[in-house]
Amino acid sequence: QVQFVESGGGLVQPGGSLRLSCAASGSIFSIYPMAWYRQAPGTQRESVAVLMTDTTTRYADSVKGRFTISRDNAKNTLYLQMISLKPMDTAIYYCNKYPPRGAPWGQGAQVTVSS
């Protein structure tokens, strides 16, 4: 069963940048659409960026123009480049298949945007 390990989170000031990484235990990125999700306290987990197998991308309106999803198939790694971060981006970020059926969630990466 595929497993995901997210990394790269941290504390950043508003306007700052971070790059998240997601290492997968198998070569799945060319087989399944992948996505980054986030969950803020008291809210439901939501998808913010989707990468289809044909490399087309989709973004939530709240992150469009600021977040970029990409992958490195050779490294079995998914990335999320985040710029112009806002306090509203504070959440735990997860990667998973899109939709996330049949794959367990990793521990996530905490992103905190605060001055």
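Description of the structure in this document. (Residues numbered from 1 in each chain as written. Predicted model: local features only at pLDDT ≥ 70, side-chain atom pairs only at ≥ 80, totals over all residues. Heavy atoms only, no water.)

1. Considerations on the sheet that holds strand β3 (residues 18-24)
Then, number 1: Strand order in the open sheet formed by four strands is β1-β3-β8-β7, with antiparallel pairing between adjacent strands. This sheet does not close on itself; its edge strands, each paired only once, are β1 (4-7) and β7 (67-72). Strand-to-strand twist in this sheet, taken as the mean axis angle between neighbours without regard to direction, amounts to 15°.
Then, number 2: In the sheet, β7 pairs with strand β8 (residues 77-82) via six bridges, with the strands oriented antiparallel. (Pairing = 2+ DSSP bridges. Helix = DSSP H or I, 4+ residues; strand = E, 2+ residues; numbered from the N terminus. Axes fitted to C-alpha atoms, helices over the stretch in contact; angles between N-to-C directions.)

2. Points about unusual backbone geometry
Apart from glycine, the bulk of residues carry a negative phi angle, and the bulk of peptide bonds sit in the trans form.
Then, number 1: Here the bond from Y98 into P99 is cis, since omega is -10°, no more than 30 degrees from zero.
Then, number 2: On the secondary structure map, P99 appears in the loop between β9 (91-97) and β10 (109-113).
Then, number 3: Of note in this structure, N76 is not a glycine but carries a positive phi near 50°.
Then, number 4: Mapping N76 onto the fold places it in the loop between β7 and β8.
Then, number 5: Residue classification places N76 among the buried residues on the basis of a relative accessible area of 16%. (Buried < 20%, exposed > 50% of the residue type's maximum accessible area, 1.4 Å probe, protein only.)

3. Regarding the sheet that holds strand β6 (residues 57-59)
Then, number 1: Judged by pairing direction, the sheet is mixed, and its six strands sit side by side in the order β2-β10-β9-β4-β5-β6 without closing on themselves. A strand with exactly one partner marks an edge of an open sheet, and here the two such strands are β2 (10-12) and β6. Between one strand axis and the next, the sheet turns by 25° as a mean value, whatever way the strands run.
Then, number 2: For strand β5 (residues 46-51) and β6, the ladder comprises three bridges, and the chain directions are antiparallel. By the bridge assignment, V50 is partnered in β6 with R58.

4. Structural notes on the pattern of salt bridges
Then, number 1: Per the counting criterion, the structure on display carries four salt bridges.
Then, number 2: Of the charged contacts in the structure, one is a salt bridge between E46 and R38, with a shortest N-O distance of 3.0 Å.
Then, number 3: A relative accessible area of 35% means that E46 is categorised as partly exposed.
Then, number 4: In this structure, the salt-bridge partner of R66 is D89, at a minimum N-O distance of 2.7 Å. A residue pair is termed long-range when its members are at least 10 positions apart, and R66 in the loop between β6 and β7 and D89 in the loop between β8 and β9 qualify at 23 residues. One exposure class covers both R66 and D89, and it is buried.
Then, number 5: Where salt bridges share partners, they join R38, E46, R66 and D89 into one cluster. (Salt bridge = Lys/Arg side-chain N within 4 Å of Asp/Glu carboxyl O.)

5. Observations concerning the nonpolar core
Then, number 1: Among the nonpolar cores identified, the biggest contains 30 residues, and F4, W36, L78, L80, M82 and Y93 are the most heavily contacted of them.
Then, number 2: Of the residues forming this core, the biggest block, four residues, is contributed by β3. (Core = buried A, V, L, I, M, F, W, Y, C linked by side-chain atoms within 4.5 Å.)

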